[in-house]
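Examining the three-dimensional arrangement
Residues per chain, in single letters:
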Amino acid sequence: LAAVLYPASKTEGLDSVNYMLLFVLVAGIMVAALIILMITVNETKVMKEMEEYEKMHPEENFAVDDGSGNEVLPAAVKKSLVFLLFSVALWFVSYNAVETWFTKFAEMSWGKGIGGASTCLLIANAGAIISYIPVGVLSGKIGRKKSILGGIVLMTLCYLFGLWFTSTHDHFATLLYVIFALIGMAWAAINVNSLP
C-alpha cells in the first residue's frame, strides 16, 4: 500500500507526508482479518480437540506431574525453552532494528521515497511467504536447529553484502531485490522453526 500511495513522485520535496490514509487502510485490513478469524475459528472447539488429543497422546506432553497438581517441565526442556525464547526476542530486536529505519535509510542513501523503500520490504516479505512451506519441508529432513542456523547464516551474509554495497555504491541496484528476497527466505527459516 505504501508503494502505491506514496511513490517518490508524490512525496519528493515535501517537508512531511500525511500517512493517515495508509493507517486507516491497514487498520481496516487488520479489523477485517480479525472478524474473519472470529467467524471462522471456534477457539472453544479447537481447545477441546486439543485436550482430547493430549489425553490420547500423553507421550507428546513434555510436562511432568509432580504430584501436587502442578505440572513442571523437565530441566532439559525448560533450558531449551529459555534459550529459544531469548533467541526469538533477540532475532526480533535485530530484524526490527533494521526494518524500522529502513525507509529513512533508503531515502537518504538511495534517494528512494517511502514507496520505493516499501517495495524492498515487500520483496523481503514475499521471499518469506514463498519459502514458508519449502522451509518446513526442508526442516523436516535436516532438523529445526540446522534450518534456524542456516537462516541466521544466510541473513548475516545478506546484511554483510548490504553493508559492503552501501559503503561502496551511492545508488540502488536491482541486485538488491535478490538480497531482500534472500533475507525474507532466511527470516522464514528462522520463524518457521522457532515460533511453533
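Cut-offs used in this document
- Residues numbered from 1 in each chain as written.
- Predicted model: local features only at pLDDT ≥ 70, side-chain atom pairs only at ≥ 80, totals over all residues.
- Heavy atoms only, no water.
- Helix = DSSP H or I, 4+ residues; strand = E, 2+ residues; numbered from the N terminus.
- Rg over C-alpha atoms; globule rule 2.2 N^0.38 Å.
- Phe/Tyr/Trp six-rings, centres within 6.5 Å; stacked < 30°, edge-to-face > 60°.
- Buried < 20%, exposed > 50% of the residue type's maximum accessible area, 1.4 Å probe, protein only.
- Expected span 1.5 Å × (residues − 1).
- Bend = angle between axes of the 7 residues up to and from the residue.
- Core = buried A, V, L, I, M, F, W, Y, C linked by side-chain atoms within 4.5 Å.
- Contact = heavy atoms within 4.5 Å.
- Patch = residues over 30% accessible without salt bridge, like charges linked within 9 Å, V, L, I, M, F, W, Y side chains within 5 Å.
- Areas by Shrake-Rupley, 256 points an atom, 1.4 Å probe, with all protein chains shown as cover.
- Salt bridge = Lys/Arg side-chain N within 4 Å of Asp/Glu carboxyl O.
- pLDDT = per-residue confidence, 0-100.
- Lys, Arg positive; Asp, Glu negative; His and termini not counted.
- Charge placed at Lys NZ, Arg CZ, Asp CG, Glu CD.
- Disulfide = S-S within 2.5 Å.

**Details of the overall build of the chain**
Secondary structure summary: the chain contains nine helices and two strands in total. The helix and strand sequence of the chain, counted from the amino end, reads α-α-α-α-β-β-α-α-α-α-α. At 22 Å, the chain has a C-alpha radius of gyration far larger than the 16 Å of a compact globule built from 196 residues. Projected onto the principal axes, the alpha-carbon positions of the chain cover approximately 70 × 40 × 30 Å.

**Let's talk about the packing of aromatic side chains**
With the rule as written, the count across this model stands at eleven aromatic pairs. Geometrically, the ring pair formed by Phe102 and Phe105 is tilted, given 6.3 Å between the ring centres and 40 degrees between the ring planes. Note that Phe102 and Phe105 are positioned in helix α6 (residues 102–110) at a spacing of three residues, about one turn of the helix. Here Phe102 falls in the buried class, since its relative accessible area comes to 7%. Judged by its relative accessible area of 31%, Phe105 falls in the partly exposed class. Between Trp164 and Phe165, the aromatic rings sit 6.4 Å apart at their centres with planes inclined by 65 degrees, giving edge-to-face as the arrangement.

**A closer look at helix α7 (residues 114–142)**
With 29 residues, α7 ought to run about 42 Å at 1.5 Å a step, and its terminal C-alpha atoms sit 39 Å apart, in line with that. Along α7, the sharpest change in direction is near 45 degrees and occurs at Tyr132; proline Pro134 comes one to four residues later. Positive phi appears at Gly143, one or two residues downstream of α7, with a value of about 105 degrees.

**A closer look at the nonpolar core**
Formed by 23 residues in total, the largest nonpolar core has its most connected members in Phe102, Met155 and Phe180. Contributing elements (two or more residues each) for this core: α5 (75–100), α6, α7, α8 (144–168) and α9 (175–194). Tallying contributions element by element places α9 first for this core, with seven residues. Among residues more than four places away in sequence, those in contact with Phe180 are Phe102, Cys120, Ile123, Ala124 and Phe172.

**Focus: a nonpolar patch on the surface**
A cluster of nonpolar residues, Leu1, Leu21, Leu25, Val26, Ile29 and Met30, forms a patch on the protein surface that exposes about 550 Å² of accessible area. Along the chain, the position of Ile29 falls in helix α3 (residues 20–40). Ile29 gets classed as exposed once you look at its relative accessible area, which sits at 52%.

**Considerations on the confidence of the model for the chain**
Confidence along the chain averages 86 in pLDDT terms, with 94% of residues attaining 70 or more. No element of the chain has a lower mean pLDDT than strand β1 (residues 64–65), which averages 64, and none a higher one than α3, which averages 95.

**Concerning the side chain of Asn193**
For Asn193, the location among the structural elements is in helix α9. Leaving out residues up to four positions away in the same chain, Asn193 has contacts with Val135, Ser139, Arg144, Ser147 and Ile148.

**A few points about a negative patch on the surface**
Together, Glu49, Glu51, Glu52, Glu54 and Glu71 line one region of the surface with negative charge. Examining the composition of the negative patch, we find that four residues originate from one element, helix α4 (residues 43–56), more than from any other. In this structure, Glu52 sits in helix α4. Taking relative accessible area as the criterion, Glu52 reaches 51% and is therefore assigned exposed.

**Remarks on the state of the cysteines**
Evaluation of the coordinates by the stated rule reveals zero disulfides. Considering cysteine sulfurs only, Cys120 is the nearest to Cys158, which forms no disulfide, with 13 Å between them.

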